[in-house]
Amino acid sequence: CSPHGHMPPDDRKLMEDVAKVRNTEGFGSDANKGYYSACQINIASASESPTGLVKDLGTAGKKHRDRADHFFHPTTMFSFGDTEDLYAGDFFILDLGVYVEMVNYRTVTFHAWMFHGGTPPMPLSPEKPIMPHHVRATVIWYANRATIERTAANVLALMGENSRLEVHANLLNTGKLN
């Protein structure tokens, strides 16, 4: 089922065209192109302390809400890394009391307006040394509110140093791209 099935045809075509330029694959279905409007990758190095993620990721390692995400769209995370026999670390959603160990290839879909955060990979015993390759990467796909509501420029591609190709919100809202 496509989330865009009830969109006006011109809006759906624009989102599909943007997905083609960005080379965004459908999420769950080929019809879902453009559903997620932004992506980030968080890299968490292993730490001896659960608060070590704050050092690497700042706010993402603390309890927080992502109010810039669109309220009606979910966020999806995909975790992978080389943590070997370390504890992989947790992702938590405090509003639900949910803690998920972020093992290799774990996928979590959640509502980013709820309080959430994470902990880094950690040794299970003080004798276990932390190696430089003990890292976890988390790819996060989310729907940016300004992009979905067309109140900000939509970046189609990075074009080199300090340059980008973008479609401005005033063009999106006037239909001049049809």
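Below is a summary of the structure that appears in this document. (Residues numbered from 1 in each chain as written. Predicted model: local features only at pLDDT ≥ 70, side-chain atom pairs only at ≥ 80, totals over all residues. Heavy atoms only, no water.)

**Some words on the side chain of Asn42**
Item 1. Structurally, Asn42 is set in strand 1 (residues 38–45).
Item 2. Within the structure, Asn42 has its side chain in polar contact with the side chain of Gln40 (distance 3.1 Å). (Helix = DSSP H or I, 4+ residues; strand = E, 2+ residues; numbered from the N terminus. Polar contact = N/O pair within 3.5 Å; in protein donor to acceptor, adjacent residues only side chain to side chain.)

**Looking at the nonpolar core**
Item 1. By size, the foremost hydrophobic cluster in this structure holds 11 residues: Ala38, Met77, Phe91, Ile93, Val100, Met102, Val108, Phe110, Ala112, Ile140 and Tyr142.
Item 2. Of all the secondary structure elements, the ones that give two or more residues to this core are strand 3 (90–93), strand 5 (106–110) and strand 7 (135–142).
Item 3. In this structure, Ile93 is in contact with Val98, Phe110, Met114, Phe115 and His116, ignoring residues within four places of it in sequence. (Core = buried A, V, L, I, M, F, W, Y, C linked by side-chain atoms within 4.5 Å. Buried < 20%, exposed > 50% of the residue type's maximum accessible area, 1.4 Å probe, protein only. Contact = heavy atoms within 4.5 Å.)

**Brief notes about the sheet that holds strand 6 (residues 116–118)**
Item 1. Within the open sheet, the three strands sit side by side as 4-3-6. Their pairing is antiparallel. The open sheet has two free edges, formed respectively by strand 4 (98–101) and strand 6, since each of these has just one partner strand. Adjacent strand axes in the sheet meet at a mean angle of 15°, parallel and antiparallel pairs treated alike.
Item 2. Judged from the three bridges that link them, strand 3 and strand 6 form a sheet pairing that is antiparallel. If you follow Phe91 over to strand 6, its bridge partner there is Gly118. (Pairing = 2+ DSSP bridges. Axes fitted to C-alpha atoms, helices over the stretch in contact; angles between N-to-C directions.)

**Let's talk about the pattern of salt bridges**
Item 1. Scanning the entire structure with this criterion turns up one salt bridge.
Item 2. For Asp85, the salt bridge goes to Lys128, with nearest N and O atoms at 3.0 Å. Here Lys128 lies in the loop between strand 6 and strand 7 and Asp85 lies in the loop between strand 2 (75–82) and strand 3, a separation of 43 residues in the sequence.
Item 3. Judged by relative accessible area, which is 24%, Lys128 ranks as partly exposed. (Salt bridge = Lys/Arg side-chain N within 4 Å of Asp/Glu carboxyl O.)

**Overview of the packing of aromatic side chains**
Item 1. Evaluated as defined, the whole model comprises six aromatic pairs.
Item 2. When the centroid spacing of 5.1 Å and the interplanar angle of 90° are considered together, the rings of Phe71 and Phe72 count as edge-to-face.
Item 3. With centroids separated by 5.1 Å and ring planes inclined at 75°, the aromatic side chains of Phe71 and Trp113 adopt a geometry described as edge-to-face. Within this pair, whereas Phe71 is found in the loop between helix 2 (52–57) and strand 2, its partner Trp113 is found in the loop between strand 5 and strand 6, the two being separated by 42 residues in sequence.
Item 4. Among the aromatic residues, ring-to-ring pairing joins Phe71, Phe72 and Trp113 into one connected group. (Phe/Tyr/Trp six-rings, centres within 6.5 Å; stacked < 30°, edge-to-face > 60°.)

**Here's the deal with the environment of Val139**
Item 1. Looking at the element boundaries, Val139 is found in strand 7.
Item 2. Beyond its immediate stretch of four places on either side in the chain, Val139 contacts Cys39, Gln40, Ile41, Thr76, Met77, Phe78 and Phe80.

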